[in-house]
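Reading the structure
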Amino acid sequence: MARYEYRVFQLRESMIGGKLSADEPEKLRGDEAADGWRLKAITSTEVKGRVGPGGVDGLLVTPERPTN
């Protein structure tokens, strides 16, 4: 049976109104693919901000790759 390892990355909007760049997930996917990772899931979520109780819109990107 194949075994996999996983990572989770948070991509988020800036807290001062900046939108999440469409290029960010694509760049992350390309960078990770070079190391043998493939996209498993992308989940839309509210990411807690660094200051204050509110959050901002973001994505959780989960790649996987087979373990040796």
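Residues numbered from 1 in each chain as written. Predicted model: local features only at pLDDT ≥ 70, side-chain atom pairs only at ≥ 80, totals over all residues. Heavy atoms only, no water.

**Some points on the overall build of the protein chain**
A count of helices and strands for the protein chain gives 1 helix and 4 strands. For the protein chain, the α and β elements follow one another from N to C terminus as β-β-α-β-β. Sorting the 68 residues of the protein chain into buried and exposed places 24% on the buried side. Within the protein chain, contacts between residues separated by at least 24 positions form 63% of all contacts whose residues are at least 6 apart in sequence. Carbon and sulfur atoms form 51% of the exposed surface of the protein chain, whose accessible area is close to 5,200 Å². (Helix = DSSP H or I, 4+ residues; strand = E, 2+ residues; numbered from the N terminus. Buried < 20%, exposed > 50% of the residue type's maximum accessible area, 1.4 Å probe, protein only. Contact = heavy atoms within 4.5 Å. Areas by Shrake-Rupley, 256 points an atom, 1.4 Å probe, with all protein chains shown as cover.)

**Observations regarding the side chain of Glu64**
Examined against the element boundaries, Glu64 turns out to sit in strand 4 (residues 55-66). Using a relative accessible area of 5% as the deciding quantity, one classes Glu64 as buried. A polar atom in the side chain of Glu64 sits 3.1 Å from the side chain of Tyr6. For Glu64, the residues in contact, after removing those within four places along its chain, are Tyr4, Glu5, Tyr6, Gly36, Trp37, Arg38 and Lys40. (Polar contact = N/O pair within 3.5 Å; in protein donor to acceptor, adjacent residues only side chain to side chain.)

**Things to note about the nonpolar core**
The biggest cluster of nonpolar side chains holds 5 residues, and these are Phe9, Leu11, Leu28, Leu59 and Val61. Contributions of two or more residues to this core are made by strand 2 (9-12) and strand 4. (Core = buried A, V, L, I, M, F, W, Y, C linked by side-chain atoms within 4.5 Å.)

**Re the side chain of Glu32**
Position of Glu32 among the secondary structure elements: in helix 1 (residues 23-33). Since its relative accessible area comes to 11%, Glu32 is described here as buried. For Glu32, the contacting residues outside a window of four places in its chain are Arg7, Phe9 and Trp37.

**Comments concerning the confidence of the model for the protein chain**
Confidence in the prediction of the protein chain, expressed as mean pLDDT, is 79, and 71% of residues score 70 or more. Taken element by element, the predicted model of the protein chain shows its lowest mean pLDDT in helix 1 (78) and its highest in strand 1 (residues 4-6) (96). (pLDDT = per-residue confidence, 0-100.)

**So, the pattern of salt bridges**
Applying the stated rule across the entire model yields 3 salt bridges. When the shortest N-O distance is used, the salt bridge between Arg7 and Glu32 registers 2.8 Å. Separated by 25 residues along the polypeptide, Arg7 in the loop between strand 1 and strand 2 and Glu32 in helix 1 bring together distant segments of the chain. A salt bridge links Glu64 to Arg38, with the shortest nitrogen-to-oxygen separation between them at 2.8 Å. One end of the pair, Glu64, is in strand 4; the other, Arg38, is in strand 3 (residues 38-48), with 26 residues separating them in the sequence. (Salt bridge = Lys/Arg side-chain N within 4 Å of Asp/Glu carboxyl O.)

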